Amino acid sequence: MKRLAVTGCVSLFIMLASCAQANDNLSWHGFLAQGLTRSQDSAFITDDNTFSRELTEIGINATYTFNSSVSLAGQLVYLDGGNRYRQGSRVDYLFVDWRVAQYFDWQMNLHIGRYKNRHWLYSATQDVPQTRPSIILPQSLYYDGNRDMALSSDGIALQSTKVGDSGSWEVRWSLGRSPLAKEETKKFLSPLAQGRVKQDLVHQFSTYWQPNFSQWQVGVSLLQSDFTYKPAEQDILLNGTSAIDRLTLAVRYDSENWEFSSELLRDRLRYKGDFTEGVTLDIDKTGEGGYAQFRYFLSDSITGLVRIDTYDVDRQDRDGALLDLNPLGPIPRYYGFMDTATFGVSWDFAKQMRLSGEYSRNRGAGRLSTVLFPNSLIQAEPYWNTWSVQFMYWF
Amino acid sequence: MQSGISRALLFILFVLVSGPIKAAEAAIHILANESVNTHTLSPAQVRLIFAGRTQFWPNGERVKVFVLKASEPIHTEFCRNVLQIYPYQLERIWQRITYSGQGDAPVIVNSIEDMVAKVAATPGSIGYYNLDGAPPEGTYILNIGERE
């Protein structure tokens, strides 16, 4: 499968290269990243505490401009991130970009198709290794188990940029749904679930403001999403629905030699469902978290990173004590939270080539999987580590 | 001890809230191909163009941007004094646009002479230069001022 995906990407690359030479309206780019990674005392990435090569990201994207109003853009990727997300290839985005309005001070674009979610600081390119501040993004917001659903959706998105006397405003709105693979249902719910989770709708809005010629940028985003469980004939879950409401606040400050960024979130999660064992689920809880990240540019080619990331699954139960009483079976308390300290360094050692390395120390396991179904929890000790080194090339 | 911490916090606060990068009188000019036919742009408009966010001119022609390598002092000066952002911020914006299907990053050229030649030869193009004398044939200096 991996060989097939790599061959597919290389073939596409050659085809695009030959087309691009002949056509000025086609532009294409790509990236290739391979690393070594390990999760120690946790199955977040690897199962056996050993270093693994399961840190592969290969992608190719292309944009064809039909005229000054319409373009078509898409990206195909192959990913292997160990247990972090589904291994394999996927179309990250494929949308028609209609420039509804384009003036010097105001632009509005409508995206139709598999649009890319752009609502958080790093979400526009979270799938592109060299654009991320670290190999693994802060899990409070950029939860890897949710990667495909968070990255793009099928539907419509509108984005507008306005430059005025008060500064630059970006407004984004989107409405769509994300297809979920069957194995993702098992990951979200339980390995015993035979049916499928379907996302009914995801509705998002965000706005970012940067004062004129200021180094501050602030933003807010809202998300509302509903899911329905479609049971199989023989299944442990007879029916089920869930809903997520999320509020995110973002801030970034850029200085000459350093950059500070932070995003805070509040998630309201509701689950309802009936199980064959006679258990009825009706849960309503609000999680909170966020990260603060500091990057220092030691030189033109070397960047250091320090980040604190935290997430509490239930703000009414920050130490996870109530997980003992979980209706589907007791869950260890340290699955009620997750705190992570990350230290990283990146070195751009040649043109369009980077070597990144990072270490994270984690306390708790609340962001490894859905903390609801005891048999779908990803195994972890109360304290655990991750190590990653990754080579990146882009063009 | 406490006053030391307070002073450190005040210093950090000062650094964080101190104003934008100070604009200086730049000897760098914006150079445009004669087909562009726009004579004045506001500083914010110039920034949108060099950031790759404005992809087409009002006449429907594609905007083509030429810049020097990020390590070139003239590029750094252009970013700081004309665009009033740091080169790494510009690169971050380009990456975001390029890798999310929103457009193309500027074309990087090797020298100012190369930039001038490319702007002269490419319809819809824009770049910058700091050479003395009148702009070469096929180009003109685009003014930065009040919005058109």
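Summarised in this report is the structure supplied together with it.

So, the overall build of chain B
- Helix and strand content of chain B: five helices and six strands.
- For chain B, the α and β elements follow one another from N to C terminus as α-β-β-α-β-α-α-β-α-β-β.
- Looking at the 148 residues of chain B, the share that counts as buried comes to 34%.
- Long-range contacts, defined as pairs at least 24 residues apart, comprise 69% of the intrachain contacts of chain B with a sequence gap of at least 6.

Examining the overall build of chain A
- Helix and strand content of chain A: three helices and 16 strands.
- Since a compact globule built from 395 residues should have a radius of gyration of about 21 Å, the 21 Å found for chain A is in line with a globular shape.
- Across its three principal directions, the C-alpha atoms of chain A cover 65 × 50 × 40 Å.
- Per-residue burial over chain A gives 43% buried out of 395 residues.

Topic: the interface of chain B and chain A
- At the junction of the two partners, chain B supplies 23 residues and chain A supplies 31 residues.
- At the level of secondary structure, the elements contributing two or more residues to the side of chain B that touches chain A comprise helix 2 (43-50) and helix 4 (87-98) of chain B.
- For the side of chain B that touches chain A, the element with the most residues is helix 4 of chain B, which contributes five residues.
- Class assignment for the residues of the side of chain B that touches chain A results in nine nonpolar, ten polar and four charged.

Focus on the sheet that holds strand 6 (residues 139-144) of chain B
Residues and elements named next belong to chain B.
- Within the open sheet, the six strands sit side by side as 2-6-1-5-3-4. Their pairing is mixed. The sheet is open, and its two borders are formed by strand 2 (40-41) and strand 4 (107-109), each paired with just one other strand.
- Strand contacts of helix 5 (residues 112-121): strand 1 (29-33), strand 3 (64-68), strand 4, strand 5 (125-129) and strand 6, with the helix running at about 150° to strand 5, the strand carrying the most contacts.

A look at the environment of Thr386 of chain A
Residues and elements named next belong to chain A.
- Mapped onto the secondary structure, Thr386 falls in strand 16 (residues 380-394).
- Considering only alpha carbons, one finds Thr386 and Asn362, 24 residues apart in sequence, at a separation of 8.1 Å.
- Excluding its chain neighbours within four sequence positions, the residues that come into contact with Thr386 are Arg38, Ser39, Phe44, Ile45, Ile136 and Ser360.

Considering helix 4 of chain B
- When the terminal C-alpha atoms of helix 4 of chain B are compared, their 16 Å separation across twelve residues agrees well with the 16 Å that a helix rising 1.5 Å per residue should span.
- Listed in full, the buried residues belonging to helix 4 of chain B are Pro87, Leu90, Trp94 and Thr98 of chain B. Down the axis of helix 4 of chain B, the sector holding all buried residues measures 65°, keeping them to one side.
- Considering only its buried residues, helix 4 of chain B is in contact with strand 1 (26-42) of chain A together with helix 2 and helix 3 (73-83) of chain B.

Let's talk about unusual backbone geometry
Residues and elements named next belong to chain A.
- Of note in this structure, Asn49 is not a glycine but carries a positive phi near 65°.
- Positionally, Asn49 belongs in the loop between strand 1 and strand 2 (56-65).
- In this model, Gln352 sits at a positive phi of 60°, which is unusual for a non-glycine residue.

So, the nonpolar core
All names here are of chain B.
- Counting residues in hydrophobic clusters, the biggest one holds 33 residues, and the most contacted among them are Leu83 and Ile126.
- Looking at this core, the elements that each hand over two or more residues are strand 1, helix 2, strand 3, helix 3, helix 4, helix 5 and strand 5.
- Top contributing element to this core by residue count: helix 2, with five residues.
- With residues up to four places along the chain from it excluded, the contact list for Leu83 reads Val46, Arg47, Phe50, Phe78 and Leu90.

Description of the pairing of strand 9 (residues 216-230) of chain A
All names here are of chain A.
- Note that strand 8 (residues 196-210) and strand 9 share 13 bridges and pair antiparallel. In the strand pairing of strand 9, Gln204 is matched with Leu223.
- The loop that links strand 8 with its antiparallel partner strand 9 comprises five residues; one of these, Phe213, has a positive phi angle of about 55°.
- Strand direction decides the pairing type here: strand 9 and strand 10 (residues 237-254), joined by 14 bridges, are antiparallel. For Val218, the partnering residue across the bridge sits in strand 10 and is Val251.
- Here strand 9 folds back onto strand 10, and the loop between the two strands holds six residues.

A short note on the pairing of strand 6 of chain B
Residue and element names in this part refer to chain B.
- As paired strands, strand 1 and strand 6 are joined by four bridges and run antiparallel to one another. Following the sheet pairing, Asn33 is matched in strand 6 by Thr139.
- The sheet contact formed by strand 2 and strand 6 spans two bridges and is parallel. From the neighbouring strand, Thr40 faces strand 6, where its bridge partner is Asn143.

Rules behind the numbers
- Residues numbered from 1 in each chain as written.
- Chains lettered and ligands numbered in written order.
- Predicted model: local features only at pLDDT ≥ 70, side-chain atom pairs only at ≥ 80, totals over all residues.
- Helix = DSSP H or I, 4+ residues; strand = E, 2+ residues; numbered from the N terminus.
- Buried ≥ 20, exposed ≤ 12 C-beta atoms within 10 Å, placed from the backbone.
- Contact = placed C-beta atoms within 7 Å.
- Rg over C-alpha atoms; globule rule 2.2 N^0.38 Å.
- Nonpolar A, V, L, I, M, F, W, Y, C, P; charged D, E, K, R; others polar.
- Pairing = 2+ DSSP bridges.
- Axes fitted to C-alpha atoms, helices over the stretch in contact; angles between N-to-C directions.
- Expected span 1.5 Å × (residues − 1).
- Arc of directions from axis to C-beta.
- Core = buried A, V, L, I, M, F, W, Y, C linked by C-beta atoms within 7 Å.

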